[in-house]
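Architecture at a glance
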Amino acid sequence: MSRAASTLRARHAVRRLSSSSSASSAEAWDVPFHRLQKQRGQHLLTNPRVLDDIVRRAAIRPGDAVLEVGPGTGNLTARLLASPAARVAAVEIDPRMSAAVSARAASLGLAHKLTVTSGDAMEVNFPKFDVCVSNIPYAISSPLIAKLLFGAYRFRTATLLVQREFARRLVGAPGHGERNHLATNARLVADLTLLMDVSKVEFVPVPGVDSSLVEIRMKEARPAEVEPGIGLDEWLEFTRVCFGQHQLQQRRRRQKKKRWKEKTLGTIFKKEEIAMELFRLSRGAEEREGSGPVGGGSDVPRHDGDDVGDGKEEEDCGEVAYSCFSKEGVVAFKERIAGALQSARLDKERPSRLSNDDLLRLLRLFIKRGVRFH
């Protein structure tokens, strides 16, 4: 099909969408009925004016590749297909919805522009895209945005409809007291803007909260360092620990099946599994850089087997216990952690109440004392 014919068909699709937008609730049901699953966050946006506004604000350019996560029955997808986009890639976990959105595209004569991937958006690899436009399930808002921001994807903007409270935490300044691990890091690689609010009554079924549309505009170049000498990867690992997002902390919470409550930095870094994991990372950093810990002295972390020379290192240790490390080295390393927290006067502070400058100051002190996170 020629580009002119494709453009003409898209214009006809826009007219059809506009002419059928008198009844907002009907838009969700012009495909075979499916029972929606709330546990998967299946709340369909049905107001045509809001749908049109989302696509307008996404500012899709001719030839763009668009990614949509969670298309549902295709209310937003239809408008994305009718936009100047060259193609739309939709990722949908529910096979019923995958079939429905494909049928929707075919009914508009735009199936050639659509690719549907059935699978979990947190597990599948996204194709290359220029913009992401999605009404995403609330439950995956944070991990999905983190995947977009800090994965291998290079795109221009993401225009996402998310829970209203989450949107305000995301675009708000760090340190306002909310759990804002993602907001703390997002500003390093992107500019975030709150575009508009959307009432919960515009969805079927009606969710318990209102939504907001957020624009994430990526910076032209992703910085390799937060500041000279401190890499972005190390900062990200540091903030994961501070905000309880480290895999060891998350695994422990799942085992206990208790709701996470933010702890002070002193409490977080006193945890045995965290201290030992940092010990391992710091040990590896010293070996890679070919230098001992800052300041030298008898507090050098070491293995009991170092004097034996049997070639066995961290891989012989347990995942958390690391029993092959010397007890003296472990104690000295924990003292380094405590010393950095006390020197920064942040041991009794909760991370969500700290600015990025406060956290960066603490990270500098950790690195100075040989405590590494990457």
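Residues numbered from 1 in each chain as written. Predicted model: local features only at pLDDT ≥ 70, side-chain atom pairs only at ≥ 80, totals over all residues. Heavy atoms only, no water.

As a further point, take the pairing of strand 5 (residues 131-135). Strand residues, when the strand is regular, have side chains that alternate between the two faces of the sheet. With five of five residues buried, strand 5 lies mostly within the body of the structure. Residues Val131, Val133 and Asn135 of strand 5 are buried on one face, and the alternating residues Cys132 and Ser134, pointing to the opposite face, are buried as well. Relative to strand 5, strand 2 (residues 65-69) is paired through two bridges, and the arrangement is parallel. When the bridges of strand 5 are listed, Leu67 appears paired with Cys132. The parallel pair strand 5 and strand 6 (residues 157-163) is bridged by helix 5 (residues 141-150), and the resulting crossover is right-handed. (Buried < 20%, exposed > 50% of the residue type's maximum accessible area, 1.4 Å probe, protein only. Helix = DSSP H or I, 4+ residues; strand = E, 2+ residues; numbered from the N terminus. Pairing = 2+ DSSP bridges. Right-handed = clockwise from strand over helix to strand, strands pointing away.)

In this section: the packing of helix 12 (residues 327-344) against helix 13 (residues 356-368). Two measures define how a pair of helices packs: the angle their axes make with one another and the distance between the axes. In contact at an axis separation of 9 Å, helix 12 and helix 13 are set at 145° when each is read in the N-to-C sense. For the crossing formed where helix 12 meets helix 13, the hand is right-handed. Only Arg361, Leu362, Leu365 and Phe366 of helix 13 make contact with helix 12, whose side of the interface consists of Ile337, Ala340, Leu341, Ser343 and Ala344. (Axes fitted to C-alpha atoms, helices over the stretch in contact; angles between N-to-C directions. Left-handed = near helix turned anticlockwise from the far one by under 90°. Contact = heavy atoms within 4.5 Å.)

The subject of this paragraph is the pairing of strand 6. The buried fraction of strand 6 amounts to six of the seven residues, a majority that puts the element mostly inside the structure. Bridge analysis of strand 5 against strand 6 gives five bridges, and the strand direction is parallel. Of the residues in strand 6, the one forming a bridge with Val131 is Thr157. Of the strand pairs in this sheet, strand 6 and strand 9 (residues 211-218) are connected by seven bridges, and their pairing is antiparallel. Among the inter-strand pairings, Val162 is bridged to a residue of strand 9, identified as Ser212.

Before going further, it helps to spend a moment on the sheet that holds strand 9. Across the sheet, which stays open at both edges, the seven strands sit in the order 4-3-2-5-6-9-7 with mixed pairing between neighbours. Only two strands of the sheet have a single partner each, and these edge strands are strand 4 (114-118) and strand 7 (190-198). Averaged over all adjacent pairs, the angle separating strand axes in this sheet is 20°, with direction ignored. Pairing geometry for strand 2 and strand 3 (residues 87-92), over five bridges, is parallel. What sits directly across from Glu68, in strand 3, is Ala90. Along the sheet face, helix 2 (residues 48-58) touches strand 5, strand 6, strand 7 and strand 9 and points at about 160° away from the line of strand 7. Sheet strands in contact with helix 6 (residues 164-171) are strand 6, strand 7 and strand 9, and its direction is about 155° off that of strand 7.

What follows deals with the packing of helix 11 (residues 272-289) against helix 12. One way to put it is that helix 11 packs onto helix 12 with a least axis distance of 10 Å and a crossing angle of 100°. Comparing their axes, helix 12 and helix 11 come out roughly perpendicular. Counting all contacts with helix 11, which are made through Glu272, Ala275, Met276, Leu278, Phe279, Ser282 and Glu286, the residues of helix 12 involved are Gly329, Val330, Phe333, Lys334, Arg336 and Ile337. Here the residues of the contact of helix 11 with helix 12 are counted per class, giving seven nonpolar, two polar and four charged. (Parallel < 35°, antiparallel > 145°, perpendicular 65-115°, else oblique. Nonpolar A, V, L, I, M, F, W, Y, C, P; charged D, E, K, R; others polar.)

Next up on the list: the side chain of Asn47. For Asn47, the position within the fold is in the loop between strand 1 (44-45) and helix 2. One polar contact links the side chain of Asn47 to the main-chain amide nitrogen of Arg49, over a distance of 2.9 Å. (Polar contact = N/O pair within 3.5 Å; in protein donor to acceptor, adjacent residues only side chain to side chain.)

Let us look at the UniProt feature "binding site: S-adenosyl-L-methionine" (unreviewed entry) in the protein chain. Mapped onto this numbering, the UniProt entry gives "binding site: S-adenosyl-L-methionine" (unreviewed entry) at His43, Leu45, Gly70, Glu92, Asp120 and Asn135. Note that Gly70 resides in the loop between strand 2 and helix 3 (75-81). Other than its neighbours up to four places away in sequence, Gly70 contacts Val91, Glu92 and Asn135. Within the element layout of this structure, Asp120 appears in the loop between strand 4 and strand 5. (UniProt positions renumbered as here; feature names shortened; annotations may be inferred.)

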